[in-house]
Amino acid sequence: MDNVILWTGLALLIALLTYLNQKQLYSPKVKRAYRELRELTEKVRMERSEASDLYRWEAELTELENHPNELNKLDAEIRFHHAFLLYLERHYPSDPRIIGLKQADAYQKDMVLGIKIKDYKSNK
């Protein structure tokens, strides 16, 4: 009888954690970072970005770096790292981060397995 209660409790706990994971309950800071990075990415794509946006980019990227899974999900969805690269090339062409961003952009990774899915330079 005790084992049944223990296993039932464990199953309910797993179900609850799965449900909460599906709901993606984010902190207000993560929600703001998502919203801001979407907006900044759109501004770059519409060629309306401004040099003064750098602080916003850096603040939101720093926030999402504390949540690597969310960072990877959002980057796979909207490719904001590529947009940030374009932003830096337009407004800060001598920024030292450009080289690293170009290298990372050339080797897009699968967000779950971390394997290379496309080699843009050799078109494999």
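To be clear, the structure that these remarks concern was listed above.
Notes on the structure follow. (Residues numbered from 1 in each chain as written. Predicted model: local features only at pLDDT ≥ 70, side-chain atom pairs only at ≥ 80, totals over all residues. Heavy atoms only, no water.)

Quick notes on the nonpolar core
At step 1: Ranked by internal contacts, the top residues of the largest apolar core, which has 21 residues, are W57, L64, F80 and F84.
At step 2: Secondary-structure elements contributing two or more residues to this core are helix 2 (28–45), helix 3 (54–65), helix 4 (68–78), helix 5 (80–91) and helix 6 (97–106).
At step 3: In this structure, W57 is in contact with L37, L40, T41, V44, F80, A83, F84 and Y87, ignoring residues within four places of it in sequence. (Core = buried A, V, L, I, M, F, W, Y, C linked by side-chain atoms within 4.5 Å. Buried < 20%, exposed > 50% of the residue type's maximum accessible area, 1.4 Å probe, protein only. Helix = DSSP H or I, 4+ residues; strand = E, 2+ residues; numbered from the N terminus. Contact = heavy atoms within 4.5 Å.)

Side note on the side chain of T41
At step 1: Residue position: T41 is located in helix 2.
At step 2: Among the polar contacts listed, one links the side chain of T41 to the backbone oxygen of L37, at a separation of 2.7 Å. (Polar contact = N/O pair within 3.5 Å; in protein donor to acceptor, adjacent residues only side chain to side chain.)

A word on the packing of aromatic side chains
At step 1: What the rule picks out here adds up to four aromatic pairs.
At step 2: Relative to F84, the ring of W57 has its centre 5.0 Å away and its plane inclined at 35°; by these criteria the two rings are tilted. Linking W57 in helix 3 with F84 in helix 5, this pair joins segments that are 27 residues apart in sequence.
At step 3: By relative accessible area, which is 0% here, W57 ends up buried.
At step 4: Consider the rings of W57 and Y87, whose centres lie 5.9 Å apart with planes at 35°: the pair is tilted. With W57 in helix 3 and Y87 in helix 5, the pair connects residues that are 30 residues apart, well separated along the chain. Taken individually, W57 and Y87 each receive the classification buried, so the pair is uniform in this respect.
At step 5: Of the aromatic side chains, those joined through ring pairs into one cluster are W57, F84, Y87 and Y92. (Phe/Tyr/Trp six-rings, centres within 6.5 Å; stacked < 30°, edge-to-face > 60°.)

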